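# Report on the structure
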Amino acid sequence: MNKYKDIVKLLMPSKKMLRGLKNASYLNIGKFLSMVINFFGFVYIARLLGPSGYGIYVTVGAFVGLFSIITFGGLNKVVLREGSKDLDQMERYFEKIMGIKILFTFISINICIITSAVLPYTLQEKLYIIIFSFTLIYTSFNGFFGTIYIAAEKMQYNAALYILDRILFVALAIAFLSMGLGILTLITITLFSHFFTLILNYRLTKRFLSFKFFNKIKWDKAILGSSLIFSILSFTVLLSTRIDLVMISWLGSSEDVGIYGVAYQIIHAFGSVRNLLATAFFPISVKMFRKHIVSWKKLLKYAFLLSSGILLLGVVGSIYSEQGITLLFGAEYSESGVILSVLIFYLAFSFFTIPFSITLQATHNERMNLKLCWIGPTLNIGLNYIFFNIFGLIGIAYSTLVVGLIRVPIFVFFTWRTLKKQNKII
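Cut-offs and rules
Residues numbered from 1 in each chain as written. Predicted model: local features only at pLDDT ≥ 70, side-chain atom pairs only at ≥ 80, totals over all residues. Heavy atoms only, no water. Helix = DSSP H or I, 4+ residues; strand = E, 2+ residues; numbered from the N terminus. Buried < 20%, exposed > 50% of the residue type's maximum accessible area, 1.4 Å probe, protein only. Contact = heavy atoms within 4.5 Å. Areas by Shrake-Rupley, 256 points an atom, 1.4 Å probe, with all protein chains shown as cover. Salt bridge = Lys/Arg side-chain N within 4 Å of Asp/Glu carboxyl O. Core = buried A, V, L, I, M, F, W, Y, C linked by side-chain atoms within 4.5 Å. Expected span 1.5 Å × (residues − 1). Bend = angle between axes of the 7 residues up to and from the residue. Axes fitted to C-alpha atoms, helices over the stretch in contact; angles between N-to-C directions. Parallel < 35°, antiparallel > 145°, perpendicular 65-115°, else oblique. Nonpolar A, V, L, I, M, F, W, Y, C, P; charged D, E, K, R; others polar. Phe/Tyr/Trp six-rings, centres within 6.5 Å; stacked < 30°, edge-to-face > 60°. Patch = residues over 30% accessible without salt bridge, like charges linked within 9 Å, V, L, I, M, F, W, Y side chains within 5 Å.

When its secondary structure is counted, the protein shows 17 helices and zero strands. With 426 residues in all, the protein has 55% of them scored as buried. Of the contacts formed within the protein by residues at least 6 apart in sequence, a portion of 86% connects residues at least 24 apart. Carbon and sulfur atoms provide 68% of the accessible area of the protein, an area that totals close to 19,000 Å².

Written as structure tokens, this is what we have:
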């Protein structure tokens, strides 16, 4: 009888997990609502522009997104880690970092524009990239300000801002595209909605933290060292997915990018939920490891709980994906449904690694996390080229799935070995 009680106790979520789920629920409700709003706009835009036009828009966004690594997004994680320990110290870290953040954001925009000039894109695509590159300001600072709400465990602010950004974008996109305007207008609307939300975000942060936006650049080696690792970690996640679209734009056509882009956007939405879960649990993990040793069985339990539901979704989704895509987007996107039926299983592997990746970061083992995260994009780039030439467009999806499967056992083993050596798990 006691044995069964122990099993039930093991399967029941702890108070810390419930608090993490509560935090995540604010982010995920906001993200879910913004995803629903965005989905209607996404369907409308893809249908109106067609695979070729939509492919150009997706290519521009994917290419610009690759340069987000230069914005030093890892500074967000350093601030969040320290702010989770002591919110009163967060102001000091913000003012230390702000000058560096501004500098590298504008460096990223310039490098993006210069790089696009030497790549084999059309003059029109290069113009779109130049304009869209200013979204890197939003990419850099929106998440940076959002760390304040996460550290204070007031994540409903992040949720509200997600929703507002998507309402603005979708409403304006539908209104202007229905008038016959095209991709340039869509990019302009993206910029407007992002900057409106960013300015509001900045004003809301003043309720929790008082800091100067413009500060002198202060070079702190300890902060920069950790943030560089976190930045590269974020980049590897981005590279593992967005590189697919960029490589298709080089290996195939804009129509191929549009077809793959529809499936990618759906998977990316669920991937965003995955990242939000990881972010929500991060402060809890920091506090948990700071106080005591953690059970390895619990980490495994959380991994299985997070991935099992996604796996079930994958089975159901793979059966109906082709019919659903054709119904929503039209027959010209039918191949997107086939691609989606493969990519959807990648999500289960991605969700499984959440407890291990945030554990490594929370215990200052981000260097090990960095080594593990490079496995994905390194394999993906090589397999993309090989599988595209063998299987065509669906080969890119096969590559993503294979990479996800390989990463799971490697992540689990090396996390266990690292923490065991440091006596941080039992």
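Additional details are given in the paragraphs that follow.
If the charged atoms of two oppositely charged side chains come close together, the side chains can form a pair. The final tally for this structure, using the stated rule, is one salt bridge. Notably, a salt bridge pairs Asp-165 with Arg-166, separated by 2.8 Å at the nearest N-O pair.

Of all hydrophobic cores here, the largest spans 97 residues; its most connected members are Tyr-54, Phe-94, Tyr-260 and Ile-339. By residue number, the principal contributor to this core is helix 2 (residues 15-65), which donates 14 residues. In contact with Ile-339, not counting residues within four places along its chain, are Ile-259, Tyr-260, Ala-263, Leu-393, Ile-394 and Ala-397. Core analysis: the next-biggest nonpolar cluster, separate from the first, contains 15 residues, Trp-296, Phe-352, Leu-360 and Val-412 among them.

Right, let's get into helix 4 (residues 90-118). Between its first and last C-alpha atoms helix 4 spans 41 Å; for 29 residues at 1.5 Å apiece the expected length is 42 Å, and the two agree. Approximately 40 degrees is the largest bend angle found in helix 4, and it occurs at Ile-97.

With that settled, consider the environment of Ile-70. With respect to the element layout, Ile-70 can be found in the loop between helix 2 and helix 3 (74-85). Distance from Ile-70 to Phe-104, taken between C-alpha atoms, is 6.1 Å for residues 34 residues apart in sequence. Ile-70 has contacts with Phe-104, Ile-107, Ser-108 and Ile-111, leaving out every residue within four places of it along the chain.

Their axes nearest at 8 Å, the elements helix 11 (residues 296-329) and helix 14 (residues 354-362) cross at an angle of 135 degrees. Comparing the axis directions of helix 11 and helix 14 gives the class oblique. Side by side, helix 11 and helix 14 meet where Trp-296, Leu-299, Leu-300, Tyr-302, Ala-303 and Leu-306 of the first sit next to Ile-354, Pro-355, Phe-356 and Thr-359 of the second. Grouping the amino acids of the contact of helix 11 with helix 14 by side-chain chemistry returns nine nonpolar, one polar and no charged.

Moving on, we come to the packing of aromatic side chains. Applying the stated rule across the entire model yields 21 aromatic pairs. When the centroid spacing of 5.9 Å and the interplanar angle of 35 degrees are considered together, the rings of Phe-352 and Phe-356 count as tilted. An identical accessibility class is assigned to Phe-352 and Phe-356; each is buried. An aromatic cluster is defined as three or more aromatic residues linked by ring pairs; in this entry it consists of Phe-39, Phe-40, Phe-42, Tyr-54, Phe-329 and Tyr-333.

It is worth spelling out a nonpolar patch on the surface at this point. Taken together, the side chains of Trp-250, Leu-251, Tyr-385, Ile-386, Ile-390, Phe-391 and Tyr-398 present a nonpolar region at the surface, about 700 Å² in accessible area. Those elements that place two or more of their residues in the nonpolar patch are helix 9 (221-251) and helix 16 (375-391). With four residues, the top contributor of residues to the nonpolar patch is helix 16. Mapped onto the elements of the fold, Tyr-398 is located in helix 17 (residues 394-421). Residue Tyr-398 is classed as partly exposed on the basis of its relative accessible area, which comes to 32%.

In this structure, Val-78 sits in helix 3. Residue classification places Val-78 among the buried positions, given a relative accessible area of 4%.

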